Each structure stands twice: as C-alpha cells, then as structure tokens.
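# Observations on chain architecture
What follows is each chain in one-letter form.
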Amino acid sequence: MIYSNKTHKIKTTDNIHGINIPDPYRWLEKVDNLKVKNWINQQNNRTHITLSKISSRNKIKKRLEKIFKVDSFSVPVSRNNYIFFTKCKKTDNLEILYVQEGLHGTPKALIDPNKLSKDKTAVLRKWQPSHDGKLIAYSLSNSANDQSSVHVLNVEKNTKLLDIIPAEVYPALYSPIEWSCDNKGFWYTRRDPRSPKNEKKFNQKIFYHQLGSDFKNDEIVFGKTIAKEDIPSLQTSHDGRYLLVSVHKFSTTKEKTELYLYDTTNKKVGFIPVIKDKEAMFFGTLHRGIIYILTNYRTPLWKIMAVDISKNNFKINEWDTIIPEMEYKIENFEISGSKLFIETLENSHSALKYYRLDGHFIKKISLPAIGSLTAINAEKEGDNLFFGFSSFLTPPFIYCFNLTQERLTILKKEKNCLDSSQYTVKQSWCASKDKTKIPLFIVHKKEIELNGENPLLLYGYGGFGISTVPYFNKNIIPFIESGGIYAIANIRGGGEFGEKWHKSGIGQKKQKVFDDFISSAEWLIKKRYTNSNKIGAIGWSNGGLLVGASVIQKPDLFKVAIIGAPVLDMLRYHLFFGGRLWIP
C-alpha cells in the first residue's frame, strides 16, 4: 500500500481501560461514503502506477496464466455406481459438475456455471447427490458471494426440477444438504424467516423440503431453541432410520459442538441429546447402528469413540474408545463397510492409516511425498475410497483405493507445470523467543547457495486451530523459478500439534504467535538463507493480522509486507461483518 501524507484526519479518541487511544482515520470505516470511495480510488491508482513500472510484471503475468491454464479435478463422490466430480477445464474459468457410471464410464456434464451468466458470476457452491445418485441438490451463487440458491436436478434425465430455495432466505453455505432415502425431499439449513432484518446471517435452523412443494411451506425440523449464533447441520444413516444433528456453538465462550439423535421409528421421542454442555468438539457419523465420534474431549490430539445406539445410553464415560489419542493429531476419518481410514497430521504433513472398525491397525497407505490430503470420500457401503493429495512440488493427484482388492491406483493427476527435479523441500526447526521449537518448510532450487543474498518469502497464519500444510501453491512458482525461497512457519495458534498448540497462541498468549513468526524470520537470516533487505512476509486474514503486528514490532526485519484481508483493529473488529462471532 502506498500511503498519502495528505489523508485527512479527524480528531477521534477512545478511552480503553483508562488509556486514550487516538483514531484519526476512523472516518475511513464508512466505505459507502463518497469521500472514502475517492480516497480508495486514489490509493489504488497510485499503487497501479507503481506496479506498472515493474519491467518483469508482464512476464510474470504470462507465466502465471500458463501455470493456471491446466485441467483440475475434485475428489469424486460415489453413490450407487454413479461417480460425481467437478472439473475445471484449462479453457474455462469455473468448475463444471460431471457424473459417470462406474470408474471407467463416460463423464456427462450436469451443471456448467460457465454458461449460466455472461460475466461468469454464477458460481457452483456445493452439491449433494441422493443416496441412489438419481437426484442431486446444488447451490448456485449468482453474484459469487455468500448468498446462494438451492436447486434440484434429475441426474438420469439431466433435467432441472421446479424446486428452488431462493438466495434471499440465506441457505447455509457450509452446512450440508441431506437427502431422505425415498428421494421425496431433503433437509437443509437456512435462516429462520422470523429473524430481524439486521440479522440475515443468524438464526440458522434445519428445514425439510418436500419435492414439488413451495419452500415457504418448509417446516423447521430442528433448532427452534438454539441461540441465534449457533449453526446446526444434519446427516442421515445409510438406511434412513436415524437423523444425527450437529450444533456448532458460536454463542458460548469456548468453541464446542453438540450432537442430537432422532429415530424415525419413534418420532414421539424427538431429538435426544447424545452429547451437550461439554467444552469440546464432537464430530459424528452414523454407520450400522453406531455413532462414530471424533473428539478432542480431554484429548488435545483427538480420539475416535463409538456409541451403540441400541444400548440407549449416551453417557460419555460409557462410550467405547476405538482409536485412542496418538502421538500425532487425528485430522479426519472416513468409514466404508467394516473399514476405517484415518488422516493424521505428523509434524505438519498428512499420513493416511487403514484400520478395521474395531480399531485394529492394518497398514499405513504410502503417500508420494511430504504433503497433504485434500479430501477423503467413500460410500458407507461402497467399494472404493477416493482421496486427493498434493505437495509443494507435486500437483494434485486423485487416488482410488479399492476396498476389496486393497489396491491403490491413480485416477487423475493435474499436469505439472514445474520441473520438480530441480527443487528441494526440507523441514527445519527453530527456537522461538520462549525456546519453543517451531517447524518451518523451506522450498527452493537445489542449486541455491546459502550466502545470505537470496530473496525469501515467509508465510504464516497461526490462528483458529487451522493447520498450515504443504500443498501445490501455483502462485509461488514464478518466484522460486527465479531463484526465490519460499518458507512456511507452522506457528502456534494453528492446529498442527493439536489443541494445546492452538490454545498456546490465543487470547493473552497471542503475542507468542508473533514471536514465533519473528523468530522464524530471524532464524532464516541467521542460517544465511536471506537478509533483512531481501525477506518478505505474507499472510491473509488472521495471517494479515500476524504480518501487520510483526512488521510493527520489528520494522527493520522485513523489506516487504503483503497483508491480505487483515483483521487489524483489535479494538473494533467486533463491530464489522462476522467479527461479532469471534468475541471470546
């Protein structure tokens, strides 16, 4: 950002805990004000003028265009021999949803957003096939924003049904749509129509929509009594008998979830609490009359537990532990038939392990490099497990693990636009200010000399328990091709080493996150990867806060700071957008 010395100041002061805090630029918060719009345009113009003078800019642009112009695929979802996946052709801007019969069938395009609007603003947000794969519900955003409408397609006939849940009622983007087993309708999450107009993104409830009916007649199935900040979602058992609701509690001082069970053969009982009022996370899935639950309850690195529904006893101290807490954090799990697959995060990169449902370990599935899984999908009673993988030097691969033959094959792989043989990836560790060991991934050409003169870009996030893992980042390719070094610091506040790692970088311990990032930069300089005149810091969102704080505290350490979509004003963040949801 290029700052103007002529930016107008208006004397504004807040008294926070007895300290006067001046805020002369608060008038810039009013983004719809004409003066603010003019100021933004002036800043953008000055920035573009400066960037346009960079002689290599057009060369970098052309290289990036070539890098991104490749076919890309999503991890498939299978339903009754129908296989659904998205593909973005190198000639298109948007992903197309396809279906094919079996692993070797001919793909048929179902939904092509590239043809839905001239300006390419109609975006396919999410989709969910029915249990038999004959119908699919999908969400479209016509403005590429967080408002999307829900539609239904007949897969076999490739015809659109008349049913629609309009965008203005805010169908939830991040809660799944779940079909009934008889294909007569589906459950979905949206805003309660009785909500105040200024609370459009709150008061999410679960509704049931019967095909052929008006959405206005959809009834609330669950959520009438939950807090307006809480978000529920629903899944069904494979036979349709049980419904399992998960409620993500944003209304409480600590993040937690609750689970509720509904037996369709005993409707009078209603939703029964499986777990509630525990300050922990519980992610459940229904399978063969058992609820399998991934939880961090009293286990910072997570464990998998099982609840037999037929016993009608949901006391947590009587649940069975299938997979106890291990050395490394359990990230995710998937069940198919009598098989259990677990993704663990081992020193900030993925591992995939294969178990029986009773917790007996079978084997570790070999992955091609230090990298990360992008998704794991399997039908509850299917024949195949699908997963995606990528690493710093490996573009996304889509794998299929045949559950009968226990054979791993590559289904699809993205074209590699980088000569990976010329580069190296290493993981190193540095000591933070309080001597805590912080892992770093470092990517560069093999021929690089550690002479302290290399340009280096250091990335960090450190928040919300989100793990920063190795993946194929196309944006950095021109930089490392030109001799640059790319590094990631797996700092505290993230989820790389479980809940303790997360909690050691939040609240009053947030300074440790900045210390970790600063220490990582200083270590890279000490080890002669770079120097303070050639090191840049980059972060987005919470990472923007990280970089902003780091360059304020150590202004001479970084030559460049790329601060994307930052949450910077920690005294006023709760007054804007979703900030109120982050109040502890």
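Up top is the structure these notes are about.
Attention in this report is confined to the structure presented alongside it. (Residues numbered from 1 in each chain as written. Predicted model: local features only at pLDDT ≥ 70, side-chain atom pairs only at ≥ 80, totals over all residues. Heavy atoms only, no water.)

Turning our eyes to something else, we now look at the overall build of the chain. Check the secondary structure of the chain and you find six helices and 37 strands. Projected onto its principal axes, the C-alpha positions of the chain cover 70 × 55 × 55 Å. Looking at the chain as a whole, 51% of its 584 residues qualify as buried. Here the contacts in the chain between residues at least 6 apart in sequence split such that 47% fall between residues at least 24 apart. By element, 51% of the accessible surface of the chain is carried by carbon and sulfur atoms, the whole surface being about 29,900 Å². Charge separation in the chain, taken as the distance between the mean sites of 85 positive and 59 negative side-chain charges, equals 6 Å. (Helix = DSSP H or I, 4+ residues; strand = E, 2+ residues; numbered from the N terminus. Buried < 20%, exposed > 50% of the residue type's maximum accessible area, 1.4 Å probe, protein only. Contact = heavy atoms within 4.5 Å. Areas by Shrake-Rupley, 256 points an atom, 1.4 Å probe, with all protein chains shown as cover. Lys, Arg positive; Asp, Glu negative; His and termini not counted. Charge placed at Lys NZ, Arg CZ, Asp CG, Glu CD.)

Turning to the sheet that holds strand β14 (residues 204-210), a few remarks are in order. One open sheet accounts for four strands, arranged β12-β13-β14-β15; its pairing is antiparallel. Of all the strands in the sheet, just β12 (178-179) and β15 (219-222) have a single pairing partner and so form its edges. Strand direction decides the pairing type here: β12 and strand β13 (residues 185-191), joined by two bridges, are antiparallel. By the bridge assignment, Glu178 is partnered in β13 with Trp187. (Pairing = 2+ DSSP bridges.)

Let us look at the nonpolar core. Taken as a class, soluble globular proteins show a tendency for nonpolar side chains to be buried jointly. Formed by 28 residues in total, the largest nonpolar core has its most connected members in Leu456, Leu458, Phe517 and Leu524. Broken down by secondary-structure element, the contributors of at least two residues to this core are β33 (437-445), β34 (456-459), β35 (485-489), α5 (511-526), β36 (535-540) and α6 (542-553). No other element matches α5, which puts seven residues into this core. (Core = buried A, V, L, I, M, F, W, Y, C linked by side-chain atoms within 4.5 Å.)

This part covers the side chain of Ser348. With respect to the helices, strands and loops of the structure, Ser348 is situated in the loop between β25 (339-346) and β26 (349-356). Excluding residues within four positions of it along the chain, Ser348 makes contact with Gln427, Pro439, Phe441, Thr468, Val469, Pro470, Asn490, Glu496 and Phe497.

This part covers a nonpolar patch on the surface. Taken together, Trp540, Val560 and Ile562 make up a surface patch of nonpolar side chains, about 280 Å² in accessible area. Tracing the backbone through its elements, the reader meets Trp540 in strand β36. (Patch = residues over 30% accessible without salt bridge, like charges linked within 9 Å, V, L, I, M, F, W, Y side chains within 5 Å. Salt bridge = Lys/Arg side-chain N within 4 Å of Asp/Glu carboxyl O.)

The next thing to look at is the packing of aromatic side chains. All told, the structure shown has 24 aromatic pairs when counted by the stated rule. Of the aromatic side chains, those joined through ring pairs into one cluster are Trp179, Phe186, Tyr188 and Phe207. Its guanidinium or amino end placed over the ring of Phe207, Arg190 lies 3.9 Å from that ring's centre, counting from NZ or CZ. Positioned above the aromatic ring of Phe202, the side-chain terminus of Lys228 is 5.9 Å from the ring centre. (Phe/Tyr/Trp six-rings, centres within 6.5 Å; stacked < 30°, edge-to-face > 60°. Lys NZ or Arg CZ within 6 Å of the ring centre and 35° of its normal.)

Our next topic: the pattern of salt bridges. It is possible for side chains bearing opposite charge to pair when their charged atoms get close. Counting across every chain of the model gives 22 salt bridges. Note that Lys534 is salt-bridged to Glu453, the shortest N-O span being 3.5 Å. Residue Lys534 is located in the loop between α5 and β36, and its partner Glu453 is located in the loop between β33 and β34; the two are separated by 81 residues in the primary sequence. Overall, the relative accessible area of 34% leaves Lys534 in the partly exposed class. It is possible to trace a salt-bridge network through shared partners that takes in Asp434, Arg492, Lys512 and Asp516.

Attention shifts here to empty space enclosed by the protein. All told, the structure shown has one cavity of 30 Å³ or more when counted by the stated rule. Taken as a whole, the largest cavity holds about 30 Å³ of empty space. Along the walls of the largest cavity sit Gly460, Tyr461, Gly462, Ile466, Thr468, Ala489, Asn490, Ile491, Gly494 and Glu496, which together make up its complete lining. A per-class count over the lining of the largest cavity returns four nonpolar, five polar and one charged. (1 Å grid on protein atoms, 1.4 Å probe; cavity = no way out; pocket = protein on both sides within 12 Å on 5 of 7 lines; lining within 4 Å. Points joined across faces, edges and corners; volume = space filled by probe spheres on them. Nonpolar A, V, L, I, M, F, W, Y, C, P; charged D, E, K, R; others polar.)

For the rest of this paragraph, the subject is the environment of Asn183. If you trace the backbone, Asn183 turns up in the loop between β12 and β13. According to the relative accessible area criterion, Asn183 is buried, its value standing at 14%. Distance from Asn183 to His444, taken between C-alpha atoms, is 52 Å for residues 261 residues apart in sequence. Not counting chain neighbours up to four residues away, the residues in contact with Asn183 comprise Ser130, Asp132, Lys134, Leu135 and Leu211. A polar atom in the side chain of Asn183 sits 3.0 Å from the side chain of Asp132. (Polar contact = N/O pair within 3.5 Å; in protein donor to acceptor, adjacent residues only side chain to side chain.)

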